[in-house]
Amino acid sequence: MGKIFVSVASYMDKHLLSTINDLQCKAADKNLVTYGIVVQDTPDNIEQYKESFEGDDTIKCIYVDHTKSKGCCWARALAQTLITDEAYFMQIASHHVFVQDWDQLLKTMLQQCESEKSILSTYGTPCDLEGGFS
């Protein structure tokens, strides 16, 4: 099965690192997931993100000073420029908690669709962002 590109536009979101960590920890096949992240934050926080993501080949980032941001749609378009050879695309906000094997679940759901051009969409289940679902 093909790679998944996870697009994340983050504007000064303190939950970004925990979201990426949760995605990575709960993926069934971590080698088939790539992250395209646009970090819009303060210069100090950007440096911390650079250190956190350094050396992780699955994470591709664009860093933007928060005062230079042009909005969420602009940031999402920037994230899409990081797509390379991934077969699947998933766009999320930077504050989510995931279920175990989320990547396999998404691929299975897509296989159940009758069209090759299917789109899965949802409004996320409420959670406390510390791992607990409502």
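Residues take numbers from 1 onward in each chain, read along the sequence in its written order. The predicted origin of the model limits local features to residues at a pLDDT of at least 70 and limits the giving and counting of side-chain atom pairs to 80 or more, whereas totals for whole chains, interfaces and linings rest on all residues. To obtain the side-chain values, all non-hydrogen atoms of the structure were included, while hydrogens and water were left out.

K.L.:
I would appreciate a short explanation of the overall build of the protein chain in the present structure.
P.N.:
Counting from the N terminus, the helices are DSSP H or I runs at least four residues long and the strands are E runs at least two residues long. For the protein chain, the count of helices and strands is 4 helices and 4 strands. Listed N to C, the secondary structure of the protein chain is β-α-β-α-β-α-β-α in terms of helices and strands. Taking 2.2 N^0.38 as the reference for a compact globule, 134 residues should give roughly 14 Å; the C-alpha atoms of the protein chain span a radius of gyration of 15 Å, in line with that estimate. Across its three principal directions, the C-alpha atoms of the protein chain cover 45 × 35 × 30 Å. Burial analysis of the protein chain (134 residues in total) assigns 32% to the buried set. Every residue pair with non-hydrogen atoms within 4.5 Å of one another is taken to be in contact. When contacts within the protein chain are restricted to residue pairs at least 6 apart in sequence, those whose partners lie at least 24 apart make up 72%. Areas reported here follow the Shrake-Rupley algorithm with a probe of radius 1.4 Å; residue values treat only the protein chains shown as occluding. Accessible area of the protein chain: about 8200 Å², with a carbon and sulfur share of 51%. Here Asp and Glu are counted as negative and Lys and Arg as positive; His is not counted, and neither are the chain ends. Positions of charges follow a simple convention, taking NZ of Lys, CZ of Arg, CG of Asp or CD of Glu. When the 11 basic and 19 acidic side-chain charges of the protein chain are each reduced to a single mean position, those positions are 6 Å apart. Only the C-alpha atoms count toward the radius of gyration. The rule for a globule is 2.2 Å times the residue count to the power 0.38. To sort residues, take the accessible area from a 1.4 Å probe on protein chains only and compare it with the maximum for the residue type: under 20% means buried, over 50% means exposed, and anything in between is partly exposed.

K.L.:
Can you help me understand helix α1 (residues 16-26) in this one?
P.N.:
Burial in α1 covers these residues: Leu16, Thr19, Ile20, Asp22, Leu23 and Lys26. Each buried residue of α1 sits inside an arc of 160° when the element is viewed along its axis, so together they form one side. For α1, the elements touching its buried residues are β1 (4-11), β2 (33-41), α2 (43-53), β3 (59-65), β4 (88-92) and α4 (102-111). It is the directions from the helix axis to the C-beta atoms that the arc portrays.

K.L.:
Please explain the nonpolar core as it appears in this structure.
P.N.:
As a rule of thumb, soluble globular proteins bury nonpolar side chains together. By convention a nonpolar core is built from buried Ala, Val, Leu, Ile, Met, Phe, Trp, Tyr and Cys residues, the set being connected through side-chain atoms within 4.5 Å. Of all hydrophobic cores here, the largest spans 19 residues; its most connected members are Val6, Ile20, Leu23, Tyr35, Ile37 and Trp102. Those elements giving two or more residues to this core turn out to be β1, α1, β2, α2 and β4. Looking at this core element by element, the count peaks at 4 residues for β2. When sequence neighbours within four positions are dropped, the list of residues in contact with Trp102 reads Ile4, Val6, Leu23, Lys26, Ala27, Val33, Tyr35 and Met90. Ala9, Val64, Ala75 and Ala79 belong to the second largest nonpolar core, which has 5 residues in total.

K.L.:
Just checking my understanding: could you explain the sheet that holds β1 for this structure?
P.N.:
Strand pairing in a sheet takes place through backbone hydrogen bonds and is either antiparallel or parallel in direction. The rule for pairing is simple: two strands pair if DSSP sees at least two bridges between them. Read across the open sheet, the 4 strands follow the order β3-β2-β1-β4; overall the sheet is parallel. Of all strands in the sheet, those bounded by a partner on one side alone are β3 and β4. Across the sheet, the axes of successive neighbouring strands diverge by a mean angle of 15°, strand direction being ignored. Note: β2 against β3, 7 bridges, orientation parallel. Residue Ile37 lies in a different strand from β3, and its bridge partner there is Cys61. Each axis is a line fitted through C-alpha atoms, and for a helix only the stretch in contact is used; angles between axes span 0 to 180 degrees, taken between their N-to-C directions.

K.L.:
I'm lost on the pattern of salt bridges in this one. Help?
P.N.:
Side-chain pairing between opposite charges can occur once the charged atoms of the two side chains come close. For this analysis, a salt bridge means a side-chain nitrogen from Lys or Arg found within 4 Å of a carboxyl oxygen belonging to Asp or Glu. Per the stated rule, a full pass over the model turns up 4 salt bridges. With a closest N to O distance of 3.4 Å, Asp85 and Lys3 form a salt bridge. Of the two residues, Asp85 sits in the loop between α3 (72-80) and β4 while Lys3 sits in the segment before β1, which places them 82 residues apart along the sequence. A salt bridge links Lys50 to Glu47, with the shortest nitrogen-to-oxygen separation between them at 3.7 Å.

K.L.:
Would you explain a nonpolar patch on the surface in this entry?
P.N.:
On the surface, a nonpolar cluster with roughly 320 Å² of combined accessible area is contributed by Val99, Leu105, Met109 and Leu120. Looking at the secondary structure, you find Leu120 in the segment after α4. Since its relative accessible area comes to 38%, Leu120 is described here as partly exposed. Surface patches are defined over residues having more than 30% relative accessible area and no salt bridge, joining like charges when they lie within 9 Å and nonpolar side chains (Val, Leu, Ile, Met, Phe, Trp, Tyr) when within 5 Å.

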